[in-house]
Amino acid sequence: EVQLVESGGGWVQPGGSLRISCAASGFIFSSYGMSWVRQAPGKGLEWVSGINSGSGDTPYADSVKGRFTISRDNAKNTLYLQMNSLKPEDTAVYHCASKYGLEYSRLRQEYNYWGQGTQVTVSS
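This text gives an overview of the structure that appears in the document. All values reported here derive from a predicted model rather than from experimental measurement. Along each chain, residues carry numbers from 1 onward, in the same order as the chain's sequence is written. For a predicted model such as this one, the threshold for reporting local features is a pLDDT of at least 70, and the threshold for listing and counting side-chain atom pairs is 80 or more; totals across whole chains, interfaces and linings nevertheless cover every residue. To get the side-chain values, take all heavy atoms of the structure and skip hydrogens and water.

Remarks on the side chain of Ser98
Part 1: Counting through the fold element by element, Ser98 comes out in strand E8 (residues 92–100).
Part 2: Think of it in three bands: with a 1.4 Å probe and only protein chains considered, a residue is buried below 20% of the maximum accessible area for its type, exposed above 50%, and partly exposed in between. Looking at Ser98, the relative accessible area reads 0%, which means it is buried.
Part 3: Residues contacting Ser98, with those up to four places away along its chain left out, are Leu4, Phe27, Tyr32, Gly33, Met34, Glu110, Tyr111, Asn112 and Tyr113. Every helix listed is a DSSP run of H or I at least four residues long, and every strand listed is a run of E at least two residues long, numbered separately from the N terminus. For this analysis, residues touch if any pair of their heavy atoms sits within 4.5 Å.

Below is the structure:
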């Protein structure tokens, strides 16, 4: 059974940090590009960052650039997102998503698998 399970979300004050994780199972993780996508209350999906199957370039949405860092450990079948200098507008459910092949995707229709998401709340 294919699974993407996010964890590590929670409540944090503005300016704080969190690291969220996505544990993959049931497929060959190292053969998939991965992305983090978020959905804030009442808003649509927003692509946050992506990483190719062998790591390499890691682009970010302008809204998180310089504050978030994506990484992956193919030996542990796990994707990470380190989030620093968090802002209230970062409040959202964060999902990891996979696309078969070397490269990540920014397009929802290209994702093969989705996780259920982890809630991140930034408030004072």
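Brief notes about the nonpolar core
Part 1: Core analysis: the biggest nonpolar cluster contains 33 residues, and Met34, Trp36, Phe68, Leu79, Leu81, Met83 and Tyr94 have the highest contact counts within it.
Part 2: Looking at this core, the elements that each hand over two or more residues are strand E3 (18–25), strand E4 (32–39), strand E5 (45–51), strand E6 (68–73), strand E7 (78–83), E8 and strand E10 (118–122).
Part 3: Discounting residues that sit within four places of it in the chain, Phe68 has contacts with Arg38, Val48, Tyr60, Leu81, Gln82, Met83, Asn84, Leu86, Asp90 and Tyr94. Among the buried residues, those of types Ala, Val, Leu, Ile, Met, Phe, Trp, Tyr and Cys that are joined through side-chain atoms within 4.5 Å form a nonpolar core.

Brief notes about the sheet that holds strand E1 (residues 3–7)
Part 1: In this scheme, strands are said to pair when DSSP sees at least two bridges between them. Spatial strand order, E1-E3-E7-E6: four strands in an open sheet with antiparallel pairing. Edge positions in the sheet fall to E1 and E6, since each has one partner strand and no second. Between one strand axis and the next, the sheet turns by 15° as a mean value, whatever way the strands run. Every angle, taken between N-to-C directions, lies between 0 and 180 degrees, and every axis is a line fitted to C-alpha atoms, over only the stretch in contact when it is a helix.

Section: the pattern of salt bridges
Part 1: By definition here, a salt bridge exists when the distance from a side-chain nitrogen of Lys or Arg to a carboxyl oxygen of Asp or Glu is within 4 Å. Scanning the model with the defined rule gives four salt bridges in all.
Part 2: Between Arg38 and Asp90 there is a salt bridge, and its shortest N-O distance comes to 3.0 Å. Of the two residues, Arg38 sits in strand E4 while Asp90 sits in the loop between E7 and E8, which places them 52 residues apart along the sequence. Like Arg38, the residue Asp90 is buried in the burial classification.
Part 3: Measuring nitrogen to oxygen at the nearest pair gives 2.7 Å for the salt bridge that ties Asp90 to Arg67. On the criterion of sequence distance, the pair formed by Asp90 in the loop between E7 and E8 and Arg67 in the loop between E5 and E6 is long-range, its members being 23 residues apart.
Part 4: On the accessibility criterion, Asp90 (0% relative accessible area) is buried.
Part 5: Look at Arg67 and you get buried, because its relative accessible area is 10%.
Part 6: When salt bridges that share partners are traced, they join Arg38, Glu46, Arg67 and Asp90 into one network.

Quick word on the pairing of E3
Consecutive side chains of a regular strand alternate in pointing toward one face of the sheet and then the other.
Part 1: As judged from the five bridges shared by E1 and E3, these two strands associate in the antiparallel manner. Looking at the pairing, Gln3 lines up with Ser25 of E3.
Part 2: Bridge count between E3 and E7: six bridges; the pairing is antiparallel. Its bridge partner lying in E7, Ile20 is registered against Leu81.

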